[in-house]
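One letter stands for each residue in the lines below.
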Number of protein chains: 2
Amino acid sequence: MSSEELAARGQTTAAQVRKDLSHFGSFGKRGLGYPVDELRARLRRILGIDRTWNVGLVGAGRIGLALFEYPAFRARGFDCVAIFDSDPEKIGRELGGVVVQDPSAFEEAVRALGIELIVLAVPAEAAQEMAQRGVDAGVRGILNFAPIRLNVPPRVPVEDVNLVMELEALSFQISKDEPDA
Amino acid sequence: MSSEELAARGQTTAAQVRKDLSHFGSFGKRGLGYPVDELRARLRRILGIDRTWNVGLVGAGRIGLALFEYPAFRARGFDCVAIFDSDPEKIGRELGGVVVQDPSAFEEAVRALGIELIVLAVPAEAAQEMAQRGVDAGVRGILNFAPIRLNVPPRVPVEDVNLVMELEALSFQISKDEPDA
DNA sequence: TCGCGCTTGTGAAAAGATTCACGAATGTAG
DNA sequence: CTACATTCGTGAATCTTTTCACAAGCGCGA
Ligand SMILES: NC(=O)c1ccc[n+]([C@@H]2O[C@H](COP(=O)([O-])OP(=O)(O)OC[C@H]3O[C@@H](n4cnc5c(N)ncnc54)[C@H](O)[C@@H]3O)[C@@H](O)[C@H]2O)c1
Ligand SMILES: NC(=O)c1ccc[n+]([C@@H]2O[C@H](COP(=O)([O-])OP(=O)(O)OC[C@H]3O[C@@H](n4cnc5c(N)ncnc54)[C@H](O)[C@@H]3O)[C@@H](O)[C@H]2O)c1
């Protein structure tokens, strides 16, 4: 497949595709394009998704459960192996083979199960504490839904999901074309 | 408040704050900094969040309901005034004052209620169709959770939320420091 | 084997974003 | 009223990203 076709599929340009790929190596064959299967395999390796990641879910509330039940994560190699929630009502309940645990078991479970990524879906007040405890226990990356800026060492990447801001981005794009209301 | 202090809070630099703001006008006073209340008011206006937006939720599944019950949206001016789902089990149920409707009522409701934004939380197969129907009915922006690229006219902004990619971004950042596994 | 049609990989150019640095305002204190 | 300590707004300089454009490589068919 040529960079031209990859670009069309990825909503970008052929030059961009080639430059981006060339940053990681030389994948294509001149006159022929890129061998799709091999390219995918090498990109999976570069992205670090050529393996399974053990994920811990912190907070079994509305968003946490929606995520846990979303099959696409496991299908893409992100395996939620533990759930933690402070609500006594929820502790002990089983969800798809995983039992909700008390947060006091967090550090132990991170180490025992080899959890490298956590999804933080707890109220903002609890997020910083759980992030810190996770990092101390060996967590290497955090997907954060709480609307606060987490303070963690720079070696631990954090991806923030802020859906209110996504809506605000829409409202800005819509409003900016209107001189005045 | 000075650009220095704004920068510290926003994880950026003073020069960046000043350049960004200057792009929209001249808000500060030399020697003094920016008047916070007025700055906030003017930024809200620029972002288009100085008013309420009527939002329609398409798909009352796991993620859709989690979003609907999330109070931060209404608190920030995004008011979910209608819910649509094709599941007969769900149609007619009331959730926080809003009744789940059959998708056949979609266009009518968009017009009647003045829905300008929709949240697409339906399976990927249904997303394009509902996007198109929304746009035809007058929807002006789409927050899309379905893992497909929507085809809509350029005047309608789309914000995609792809949580698998967020996790992949973490795995990449973690893996890239390791020469080899 | 040679020529031809494609397509990559990559320097160079262009465009875009960030940082620097300083003149011009602004309030304050004496 | 003047001197001074601040801090904005903004051109110029720097850094980054994207786009351009083309030599070099590849397979194919004659
Ligand atoms: N619901 C949404 O659509 C949505 C969207 C974006 C962001 N968020 C954010 O995600 C977070 C969770 O939102 P939610 O709507 O799922 O809230 P929720 O109240 O439904 O769930 C939070 C869960 O966290 C648990 N919890 C509290 N403290 C805990 C701790 N220390 N350890 C483990 N569990 C703990 C609670 O028992 C509860 O079950 C919040 O920060 C919210 O701002 C939610
Ligand atoms: N659950 C998650 O954590 C998650 C995360 C990211 C993205 N997504 C995406 O969000 C979408 C919804 O995911 P989900 O987990 O909530 O799925 P879900 O199956 O729980 O919910 C989907 C809902 O949409 C309804 N529906 C189907 N066709 C419809 C139509 N034409 N009009 C109106 N409603 C219709 C179904 O009846 C169902 O209630 C999917 O595209 C999924 O890939 C989900």
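Residues numbered from 1 in each chain as written. Chains lettered and ligands numbered in written order. Predicted model: local features only at pLDDT ≥ 70, side-chain atom pairs only at ≥ 80, totals over all residues. Heavy atoms only, no water.

Visitor: Could you clarify how one ought to interpret the site of ligand 2 in this entry?
Guide: Surveying the vicinity of ligand 2 reveals 24 residues, the closest of which are Tyr70(A), Arg62(B), Asp85(B), Lys90(B) and Val122(B). Of the chains in the model, those with residues near ligand 2 are chains A and B. Between Arg62(B) and ligand 2, the recorded distance is 2.8 Å, taken from a side-chain N or O atom to an oxygen atom. Here an oxygen atom of ligand 2 sits 2.7 Å away from a polar atom, N or O, in the main chain of Val122(B). In the complex, the protein chains occlude 85% of the 810 Å² of accessible area that ligand 2 would expose alone. If you list the elements that add at least two residues to the shell around ligand 2, you get helix 4 (62–68) of chain A together with helix 4 (62–68) and helix 7 (124–137) of chain B. With 3 residues, helix 7 of chain B is the single largest residue contributor to the shell around ligand 2. For the shell around ligand 2, the per-class residue count stands at 17 nonpolar, 3 polar and 4 charged. (Near = heavy atom within 4 Å. Polar contact = N/O pair within 3.5 Å; in protein donor to acceptor, adjacent residues only side chain to side chain. Areas by Shrake-Rupley, 256 points an atom, 1.4 Å probe, with all protein chains shown as cover. Helix = DSSP H or I, 4+ residues; strand = E, 2+ residues; numbered from the N terminus. Nonpolar A, V, L, I, M, F, W, Y, C, P; charged D, E, K, R; others polar.)

Visitor: In this structure, what is going on with the site of ligand 1? I would like to understand it.
Guide: The full set close to ligand 1 counts 24 residues, and Arg62(A), Asp85(A), Lys90(A), Val122(A) and Tyr70(B) are the nearest of them. Between ligand 1 and Ile63(A) there is a distance of 2.9 Å, counted from an oxygen atom to a backbone nitrogen or oxygen. Between ligand 1 and Ala66(B) there is a distance of 3.2 Å, counted from an oxygen atom to a backbone nitrogen or oxygen. Calculation on ligand 1 without its partners gives an accessible area of 820 Å², and the protein chains cover 85% of this total. Counting only elements with at least two residues in the shell around ligand 1, the list comes to helix 4 and helix 7 (124–137) of chain A together with helix 4 of chain B. Among the elements that take part in the shell around ligand 1, helix 7 of chain A stands out by supplying 3 residues, more than any other. For the shell around ligand 1, a count of residues per class yields 17 nonpolar, 3 polar and 4 charged.

Visitor: How should the protein's contact with DNA strand D be read in this particular structure?
Guide: By nearness alone, 22 residues border DNA strand D, and Ser3(B), Arg18(B), Ser26(B), Gly31(B) and Tyr34(B) come closest of all. Taking all atoms of DNA strand D within 4 Å of the protein, the share assigned to sugar and phosphate is 61%. Arg30(A) places a side-chain nitrogen or oxygen 3.1 Å from a base nitrogen of DNA strand D. Looking at the surface near DNA strand D, the elements that each hand over two or more residues are helix 2 (14–22) of chain A together with helix 2 (14–22) of chain B. The element contributing the most residues to the surface near DNA strand D is helix 2 of chain A, with 4 residues. Of the residues assigned to the surface near DNA strand D, the class counts are 5 nonpolar, 10 polar and 7 charged.

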